[in-house]
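Here is what each chain is made of, one letter per residue.
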Amino acid sequence: EAGVAQSPRYKIIEKRQSVAFWCNPISGHATLYWYQQILGQGPKLLIQFQNNGVVDDSQLPKDRFSAERLKGVDSTLKIQPAKLEDSAVYLCASSLGFSGGAETQYFGPGTRLLVL
Amino acid sequence: AQSVTQLGSHVSVSEGALVLLRCNYSSSVPPYLFWYVQYPNQGLQLLLKYTTGATLVKGINGFEAEFKKSETSFHLTKPSAHMSDAAEYFCAVTLYGNNRLAFGKGNQVVVIP
């Protein structure tokens, strides 16, 4: 079974530029998550989709971050404009459904973003 | 809101020695608890999780953890460390009805030959 795919793996941009990350979850997984992992910290949830609807985006900085999940499969996370503090690893994860908190989330390899 | 505390960002252990990583959680309701491992340049992989039932949970690669409600803890152990256990380990918590994983800051484990 193929895992969660993410691209690109690495990205270097200058501040105020825009950047987009792509995620393809495990086939058949209804729930998709985007996490931000800053160096030295644990991942922090940015947004959660169930199918193509947003379940939780309370920690997404909506003035600069946006995400979509068209057709309930692939997802794109965008940052516009980027700030220095956005330098982090962006992890995508997926889970089969929504069993009320006990779901196992499967993580992709992440995209490492450096903002100069 | 639920949260997790992991003390000691870096943990050194000799090959063959006990691995012990401590995790304490804060939650007003019964939590679901997870341990994930992250190898360099890879995503997180589930080691084990506690949802309901038996409080001693066995996971992959010889790891286990025990849920102790009275101590609000979910410490991770492995009897004998192997060089391949060198990685970063994260404890995380969710609550019923909410799939948001709240992670601790992680423990970087170094195995000394």
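Residues numbered from 1 in each chain as written. Chains lettered and ligands numbered in written order. Predicted model: local features only at pLDDT ≥ 70, side-chain atom pairs only at ≥ 80, totals over all residues. Heavy atoms only, no water.

Colleague: Please provide a residue-by-residue account of the pairing of strand 5 (residues 31-38) of chain B, values included.
Modeller: All names here are of chain B. Summarising burial for strand 5: eight of the eight residues are buried, a large majority. Burial along strand 5 is two-sided: Pro31, Leu33, Trp35 and Val37 and Tyr32, Phe34, Tyr36 and Gln38, pointing in opposite directions, are all buried. Pairing analysis gives eight bridges linking strand 5 to strand 10 (residues 87-95), with the strands arranged antiparallel. Bridging across to strand 10, Val37 finds its partner in Tyr89. Bridge analysis of strand 5 against strand 6 (residues 44-50) gives six bridges, and the strand direction is antiparallel. From the neighbouring strand, Leu33 faces strand 6, where its bridge partner is Tyr50. If you look at the hairpin formed by strand 5 and strand 6, you'll find five residues sitting between the two strands, and Asn41 has a positive phi there, around 60°. (Buried < 20%, exposed > 50% of the residue type's maximum accessible area, 1.4 Å probe, protein only. Helix = DSSP H or I, 4+ residues; strand = E, 2+ residues; numbered from the N terminus. Pairing = 2+ DSSP bridges.)

Colleague: With reference to specific residues and values, describe the environment of Leu76 of chain B.
Modeller: Residue and element names in this part refer to chain B. Along the chain, Leu76 falls in strand 9 (residues 73-78). Overall, the relative accessible area of 0% leaves Leu76 in the buried class. Taking the C-alpha atoms as reference points, Leu76 and Gly53, separated by 23 residues in sequence, lie 18 Å from one another. Excluding its chain neighbours within four sequence positions, the residues that come into contact with Leu76 are Val19, Leu20, Leu21, Trp35, Leu47, Leu48, Phe63, Glu64, Ala65 and Tyr89. (Contact = heavy atoms within 4.5 Å.)

Colleague: Residues and numbers for the interface of chain A and chain B, please.
Modeller: If you look at the interface, chain A gives 28 residues, while chain B gives 23 residues. Interface area, chain A with chain B, both sides summed: about 1,800 Å², of which 47% is carbon and sulfur. For the chain A face of the interface with chain B, the top three residues by lost area are Gly101, Ala102 and Phe107 of chain A, together amounting to 22%. Inspection of the chain A/chain B interface yields one salt bridge. Here chain A and chain B share nine residue pairs in polar contact (both at pLDDT 80 or more) between them. Elements supplying a minimum of two residues to the side of chain A that touches chain B: strand 4 (31-37), strand 5 (44-50) and strand 9 (88-95) of chain A. Residues of the side of chain A that touches chain B, tallied by class, amount to 10 nonpolar, 14 polar and four charged. (Buried area = accessible area lost by both parts, 1.4 Å probe. Salt bridge = Lys/Arg side-chain N within 4 Å of Asp/Glu carboxyl O. Polar contact = N/O pair within 3.5 Å; in protein donor to acceptor, adjacent residues only side chain to side chain. Nonpolar A, V, L, I, M, F, W, Y, C, P; charged D, E, K, R; others polar.)

Colleague: Just give me the short version of the packing of aromatic side chains, but keep the residues and values in it.
Modeller: If you walk through the whole model with that rule in mind, you get 13 aromatic pairs over all chains. Consider the rings of Phe65 of chain A and Tyr90 of chain A, whose centres lie 6.4 Å apart with planes at 40°: the pair is tilted. Here Phe65 of chain A is found in strand 7 (residues 65-68), whereas its partner Tyr90 of chain A is found in strand 9, with 25 residues between them in sequence. With respect to class, Phe65 of chain A is no different from Tyr90 of chain A; both count as buried. Centre to centre, the rings of Phe107 of chain A and Tyr36 of chain B are 5.4 Å apart; their planes meet at 80°, and the pair counts as edge-to-face. Of the two residues, Phe107 of chain A sits in strand 10 (residues 106-107) while Tyr36 of chain B sits in strand 5, which places them in two different chains. What makes Phe107 of chain A buried here is its relative accessible area of 10%. Put simply, the rings of Tyr33, Tyr35 and Phe107 of chain A together with Phe34, Tyr36, Phe90 and Phe103 of chain B pair up and form one aromatic cluster. (Phe/Tyr/Trp six-rings, centres within 6.5 Å; stacked < 30°, edge-to-face > 60°.)

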